[in-house]
Amino acid sequence: MYGAPPIAGTVPPPPYGARTAPLNAHDAHADAHALPGDAQRAPGRGASGNVRDAGAGFNAPSFASNAPMNAPPRAPAMSSSAHNANAASSFAHAHPSGASASAAYGSAARSVGAQTLAPSTMPMPMPMGMIPAVANGAQAGYAYGVAGQGTPPRGAASAYGAAAAGTPPGVGGRAYGALVMPPGGVPMPMPMMAPGMISGPGGMPPGAPPPQAMGAPPQAMGYQPAAPYAPSMNFVEDFASLNLAPGGGPGGEPGMDPATFPRPGDDQPRPNLELSCDPKYMRLTCGVLPANPSLKTRFAMPIGCIVQPLCPGDEHVVQTAHFGSSGIVRCRRCRTYINPFVQFTDGGRRFRCNVCALPNEVPVDYFCTLDANGVRRDIAERPELNSGSVEFLASQEYMVRPPMPPAYFFVLDVSHTSVNSGFLKKTLETIRISLGALEKKSDRTLIGFLTYDSTLHFYSLKPTQSQPQMMVVAELDDPFCPMPDDLLVNLTESRAVIEAFLDMAGSSFLQTQNMESAMGPAIQAAFMAMQHVGGKLLVFQSCLPTLGAGRLVNRDDARASADATREHLLRGPVDGFFKKISAECSRQQICIDLYTIAAPYSDLASLAVLSKYTGGELHHYPGFTLEKDGFKFEKELRNNLERFTAWEAVCRVRCSRGFRICAFNGHFFIRSMDLLALPATDGDKAYGVHIAHDEVVPSTNISYLQCALLYTSAEGERRIRVHTMAVPVVTDIAEMYRAVDGGAMGAFMARLGVERSLTVRLQDAREAVMSKLVATLREFKLLNTQASRAFNRLIFPDSMKLLPLFMFAACKCAALRGGARDVPVDQRIASVFDFMSASTDEILKMLYPSMYALHSMPKESGTKDEYDRVMLPPRTVLAGERIDARGAYLVDDGRRLLLWLGKMLDPNFVGALFGPRGPPSADVDCVLPESENDVSKRVRAIVDDIRARASRARHLALTVVIQGHPSETQLFPYLVEDRGAANVDGAASYADFLVAVHRQVSSPTR
Ligand SMILES: [Zn+2]
């Protein structure tokens, strides 16, 4: 979301569903600010930004004007920013000083109307003279090239390319638009831009009168919501475009300028409707749902939702709702939990379910009278009725057994590699550090250990013992579990003996020469030890499993992947052993987290299913050394042990009639059609949910999604976290294009693409991604007939301006790029499973990392602004041509930091940053020395700030590479915009890719 200021001359489209009244979303403002031209506004239809303050607006279901039966009691008002970013709340996202640099995409440039917001509607003082300028686009656009007027802080638009010497400085002087000579010879303004410019839709030509003077009243713009899609209709052409002309022709026509291509900034999610949950919990790829399957087919892109039910954050505290003795109130037919969108009727004695429309009796102990607007008088005290996110305390009926205690069973490889690399020692130390936190979580915490090489070693940890008692089992074909009761013990009671084990285990295997690994039998034995409780099974593996069930062989040989038709088989499990055991684990509430260090190959494709089907996670530290990975591993393991964890969880997403959840993407096991079994989950994990049409056509123009996660807390409470959201249902595909959440769509499609690579050839997986993009852009082009006449221009909805880049970057990520041998298969698998459990923001960061030029950063970068936030330097385009041998560049992909130092970098800069010893080698996690000079202080502040903002589940190790040294090749995969080596599949540059997309979009068939 680009925080666009409230702009004069904006004609927003009408609210969803208000097809019978020429009403627009600016009614929100009309209520408060008496906009001109609103005389025909129907009374009582105020869909205000805050419904509860809207008085009469309470029972004014503006979305349901033709379906009052299904109207929510209080209209789920489109928060104004949800609708094309044109109002005050969207503005709130932008930092004041970044306002002028905010990309005035969308509404600003779609400036054709004549309405002017009263100055009082401005959330910040702004000279009036600026308004037409903004509307003209003169202030708009990305501040590529320079930092603009002061470095735009977070929340402002993206500011790319301090190093981009050729980029025009400043934002002034950029004019949108071009005069186009139609056949008749009369110049007419067209929504086109100056060569190479990215523009908001409808940018004005230079010298054209300001929009107010165009004299077109808003109604004459002819947004005709009821009209069916037809090429001839008079609707607002609503698009952005890119010049892709080759340039340099005889006519001197300027060609494309890659400096102006869209690139991500600090993009915000599209807000959900009022009273819905925050988008960080449930984020739709498209903020509206198509009313029928044919609309969905035309739209071509997936309709889905990324759910992260336990997403952490301080800004939203999820409140707990309490019910009387009759328990949690739910719809008796579809089992939807009570939520802000149910409608109370009959004086409060009944409520109509918002999902299935069934009238339900209100339980006696939940009854409350209604006020004149039909709203319960106790609404303020009822979090379940005034917030889209809430927790319920579950009663006995939600338990099939007493709530389980937190349980951690560690399965440790003690073979030669594990011991020699320091992996075992670091694991034991980290567990020891976390014991305090584990004990603090709950006094019921259980803990147990098993070690293995060519045999299995069990440890009795009874509190009455002073030392752990070790038993060795050599029987691998049918492993058994000696003294099953003493293996998983209470941490508090056995703390002393557990600590004795952690001290002893490190030294016991110091001299080992054992290279064997009975990993499969070890997991089978651990399963037996913990199946009566469930919990987390943490496996630490250092090599390819060689003994017993589940032993693997190295199948990563050239012959296997030389056959192009079978190349993908290497990315699937070799047999069903690990899937079978993970299904059993899931059934017994066991979640497997896998930490592996083997390099170059440990058949992760076979092992990863252990984490996938049990809702766990996969951490891969190939070629583990303490210097390189020690701190990273410690932090990531500690986070796993110490974070909030939800145990024995199940998750279900319900949706209104007409829709159904048809598929999922992520780490889980599907039980009974649509129930996700998650033996353990936490706030770091996200799931993709695919939405399809049901047999029945949706009958309402607002639909609902509800995600419910039932889990056991560390304290032993059974709780249900419920998120509910309202989503408009539309019949107009233009509405769908407008409502695309580019970030969510990019992440969702990347998830699907990488998942697909496990079962099809890489080339096919990439083409599948590409074909969706082409299909949707082609459909969009058909809608915008006028624009589509522009030759050499790729047109796209403004909401999707970053989607081509995200899809392009997805095809170049480690999971999808090149041919079978271009990325080690273990690295691909680690990347695939990372994508499939990561949050949207993390995925977008992996797709298009941030790169900062440290040698030329503005002087305020690395210092704090007035809000005590560290100001980061402007981002640099990820292209080799932007890399200067006199420079130092820092890359952040959300997983690691890479600092590249040019050959000709000022030695004083190097000295200031690294001290007399100079830069460290590329195989250590660099700790920058704490020098008191300006460069050192600012760079350290930047590194610390990037780390603080990264996912808590990750430590971003800092690798330093020097130009000309072999390690510098680590930088190249991040330069995604470059053309790759000629012999690598799909290695186009960003410009090549856009041209290819444009060509396919323009081709009549295919
Ligand atoms: Zn229902």
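Throughout what follows, the structure given in this document is the object of discussion. What you see is a predicted model, and the numbers here were worked out from it, not measured in a lab. (Residues numbered from 1 in each chain as written. Predicted model: local features only at pLDDT ≥ 70, side-chain atom pairs only at ≥ 80, totals over all residues. Heavy atoms only, no water.)

What the protein chain contains, in helices and strands, is 24 helices and 31 strands. Within the protein chain, the fraction of its 1006 residues that count as buried is 62%. The long-range share in the protein chain, meaning contacts at least 24 apart out of those at least 6 apart in sequence, stands at 74%. Element-wise, carbon and sulfur atoms account for 55% of the exposed surface of the protein chain, whose accessible area totals about 36,700 Å². (Helix = DSSP H or I, 4+ residues; strand = E, 2+ residues; numbered from the N terminus. Buried < 20%, exposed > 50% of the residue type's maximum accessible area, 1.4 Å probe, protein only. Contact = heavy atoms within 4.5 Å. Areas by Shrake-Rupley, 256 points an atom, 1.4 Å probe, with all protein chains shown as cover.)

Once that is clear, we can look at the packing of aromatic side chains. One pass over the structure, following the stated rule, counts 30 aromatic pairs. Ring geometry for Phe 668 and Tyr 687: centres 6.4 Å apart, planes at 55°, overall tilted. Taken together, the residues Phe 668 in the loop between β21 (659-665) and β22 (669-671) and Tyr 687 in strand β24 (residues 687-693) connect sequence positions 19 residues apart. When its relative accessible area of 1% is taken as the criterion, Tyr 687 is described as buried. An aromatic cluster is built from Phe 410, Phe 423, Phe 449, Tyr 459, Phe 501, Phe 540, Tyr 595, Tyr 621, Phe 624 and Phe 633, whose rings are joined through pairwise contacts. Over the face of the ring belonging to Tyr 337 we find Arg 330, whose NZ or CZ atom lies 4.0 Å from the ring centre. The cationic tip of Lys 612 hangs over the ring face of Phe 668; the distance from NZ or CZ to the ring centre is 5.4 Å. (Phe/Tyr/Trp six-rings, centres within 6.5 Å; stacked < 30°, edge-to-face > 60°. Lys NZ or Arg CZ within 6 Å of the ring centre and 35° of its normal.)

Attention now goes to the sheet that holds strand β6 (residues 304-307). Within a sheet, each strand pairs with its neighbour through backbone hydrogen bonds, oriented either parallel or antiparallel. Taken in spatial order, the four strands make up an open sheet running β4-β6-β24-β21, and their pairing is antiparallel. Of all strands in the sheet, those with a lone pairing partner are β4 (282-284) and β21, marking the two edges. This sheet shows a mean twist of 30° between the axes of neighbouring strands, independent of strand direction. Pairing of β4 with β6 involves three bridges; the strand directions are antiparallel. Within β6, the residue paired with Arg 283 across the bridge is Ile 306. Packed onto the sheet, helix α16 (residues 742-756) meets β4, β6, β21 and β24 and runs at close to 95° relative to β24. (Pairing = 2+ DSSP bridges. Axes fitted to C-alpha atoms, helices over the stretch in contact; angles between N-to-C directions.)

Moving on, we come to the nonpolar core. Of all hydrophobic cores here, the largest spans 198 residues; its most connected members are Phe 299, Phe 409, Phe 410, Phe 449 and Leu 537. By size, the runner-up hydrophobic cluster in this structure holds 26 residues, among which are Tyr 852, Leu 897, Leu 928 and Leu 956. (Core = buried A, V, L, I, M, F, W, Y, C linked by side-chain atoms within 4.5 Å.)

This brings us to the packing of helix α7 (residues 423-441) against helix α14 (residues 626-642). At a minimum axis separation of 9 Å, α7 and α14 run at an interaxial angle of 25°. In terms of their interaxial angle, α7 and α14 are classed as roughly parallel. Our pair here, α7 against α14, has a crossing hand that is right-handed. Residues Phe 423, Lys 426, Thr 427, Thr 430, Ile 431, Ile 433, Ser 434, Ala 437, Leu 438 and Lys 441 of α7 lie in contact with α14, whose contacting residues are Leu 626, Gly 630, Phe 633, Glu 634, Leu 637, Arg 638, Leu 641 and Glu 642. Residues belonging to the contact of α7 with α14 are distributed by class as follows: nine nonpolar, four polar and five charged. (Parallel < 35°, antiparallel > 145°, perpendicular 65-115°, else oblique. Left-handed = near helix turned anticlockwise from the far one by under 90°. Nonpolar A, V, L, I, M, F, W, Y, C, P; charged D, E, K, R; others polar.)

Turning next to the environment of Pro 874. Mapped onto the elements, Pro 874 comes out in the loop between β28 (850-853) and β29 (888-892). Classification of Pro 874 as buried rests on a relative accessible area of 5%. Along the backbone, Pro 874 and Ser 850 are 24 residues apart, and their C-alpha atoms lie at a distance of 9.3 Å.

Inspection of every chain in the model, using the stated rule, returns 50 salt bridges. Note that Lys 426 is salt-bridged to Glu 634, the shortest N-O span being 3.0 Å. Here Lys 426 is found in helix α7, whereas its partner Glu 634 is found in helix α14, with 208 residues between them in sequence. The same class applies to Lys 426 and to Glu 634, which are both buried. The closest approach of N and O atoms between Glu 617 and Arg 643, which form a salt bridge, is 3.0 Å. Taken together, the positions of Glu 617 in the loop between α13 (609-613) and β19 (618-620) and Arg 643 in the loop between α14 and β20 (645-655) put the pair 26 residues apart, joining distant regions of the chain. By relative accessible area, which is 10% here, Glu 617 ends up buried. Judged by relative accessible area, Arg 643 falls into the buried class, the value being 4%. (Salt bridge = Lys/Arg side-chain N within 4 Å of Asp/Glu carboxyl O.)

Quick look at the coordination of the zinc ion now. Only Cys 331 (SG), Cys 334 (SG), Cys 353 (SG) and Cys 356 (SG) from the protein coordinate the zinc ion, and they sit 2.2 to 2.4 Å from it. Geometry at the zinc ion is tetrahedral, judged from the four donor atoms that bind it and their angles of 104 to 115° at the metal. All donor residues of the zinc ion come from one chain, and their arrangement in sequence is C-x2-C-x18-C-x2-C. (Donors = N, O, S within 2.8 Å, 3.2 Å for Na, K, Ca; no water. Tetrahedral: all angles 85-135°; square planar, octahedral: opposite > 155°, others 65-115°.)

In this section: the sheet that holds β28. What the four strands build is an open sheet, ordered β28-β29-β30-β31; its pairing is mixed. Each of the sheet's edge strands pairs with one partner strand only, and the pair in question is β28 and β31 (957-962). When the angles between neighbouring strand axes are averaged without regard to direction, this sheet yields 20°. Of the pairings in the sheet, the one linking β29 to strand β30 (residues 896-901) comprises five bridges and is antiparallel in character. Its bridge partner lying in β30, Ala 888 is registered against Leu 901. In the packing of helix α23 (residues 934-949) onto the sheet, the strands contacted are β28, β29, β30 and β31, and the crossing angle to β29 comes to about 10°.

The next subject is helix α24 (residues 990-1002). An ideal rise of 1.5 Å per residue puts 18 Å on 13 residues; α24 measures up with 18 Å between its terminal C-alpha atoms. Looking at α24, one finds that the buried residues are Tyr 990, Ala 991, Phe 993, Leu 994, Val 997, His 998, Gln 1000 and Val 1001. Looking at the buried positions of α24, the neighbouring elements they touch are β3 (240-243), α17 (762-783), β27 (793-796) and α19 (803-811). (Expected span 1.5 Å × (residues − 1).)

Of all seven residues in β24, seven are buried; the element is thus mostly enclosed. Because side chains alternate across β24, one face comprises the buried residues Tyr 687, Val 689, Ile 691 and His 693, and the other comprises Gly 688, His 690 and Ala 692, equally buried. Summarising the sheet, β6 and β24 pair through four bridges and their orientation is antiparallel. Paired with Val 307 across the two strands is Tyr 687, which belongs to β24. Direction of pairing for β21 relative to β24: antiparallel, over a ladder of six bridges. Paired with Phe 664 across the two strands is Val 689, which belongs to β24.

As enumerated under the stated definition, the model contains 10 cavities of 30 Å³ or more in all. In this model, the largest cavity occupies a volume close to 150 Å³. The wall of the largest cavity is formed by 15 residues, among which Glu 617, Asp 684, Asp 834, Ser 837 and Arg 954 lie closest to the centre. When residues of the lining of the largest cavity are traced back to their parent elements, those giving at least two are β19 and α20 (825-837). Take the lining of the largest cavity: its biggest share by element is three residues, from α20. Taken together, the residues that form the lining of the largest cavity break down as four nonpolar, four polar and seven charged. (1 Å grid on protein atoms, 1.4 Å probe; cavity = no way out; pocket = protein on both sides within 12 Å on 5 of 7 lines; lining within 4 Å. Points joined across faces, edges and corners; volume = space filled by probe spheres on them.)

Let's shift gears to helix α21 (residues 840-847). Within α21, six of the eight residues are buried, leaving the element largely enclosed by the surrounding structure. Where α21 is buried, its residues meet β4, β6, α16, α19 and α20.

Turning our eyes to something else, we now look at the layout of surface pockets. Volume-wise, the second largest pocket comes out at about 1,400 Å³. Lining the second largest pocket are 43 residues, with Pro 622, Gln 827, Asp 893, Arg 896 and Tyr 974 sitting closest to its centre. Elements supplying a minimum of two residues to the lining of the second largest pocket: β19, α14, α20, α21 and β31. Looking at side-chain class alone, the lining of the second largest pocket contains 21 nonpolar, seven polar and 15 charged residues.

Relative to the helices and strands, His 457 is located in strand β14 (residues 456-460). A distance of 2.7 Å separates the side chain of His 457 from the side chain of Thr 451, its partner in a polar contact. A polar atom in the side chain of His 457 sits 3.4 Å from the side chain of Asp 453. Setting aside residues up to four positions removed in sequence, His 457 forms contacts with Val 414, Leu 450, Thr 451, Tyr 452, Met 470, Met 471, Val 472 and Phe 509. (Polar contact = N/O pair within 3.5 Å; in protein donor to acceptor, adjacent residues only side chain to side chain.)

What follows deals with unusual backbone geometry. Here the residue pair Ala 599 and Pro 600 is connected by a cis peptide bond, since its omega of 0° sits within 30 degrees of zero. Positive phi values are uncommon outside glycine, yet Met 483 reaches one of about 35°. Along the chain, Met 483 falls in the loop between β15 (469-473) and β16 (489-490). Positive phi, normally seen in glycine, also occurs at Ser 672, with a value near 45°. Structurally, Ser 672 can be placed in the loop between β22 and β23 (675-682). Take Ser 672: its relative accessible area is 49%, and that puts it in the partly exposed class.

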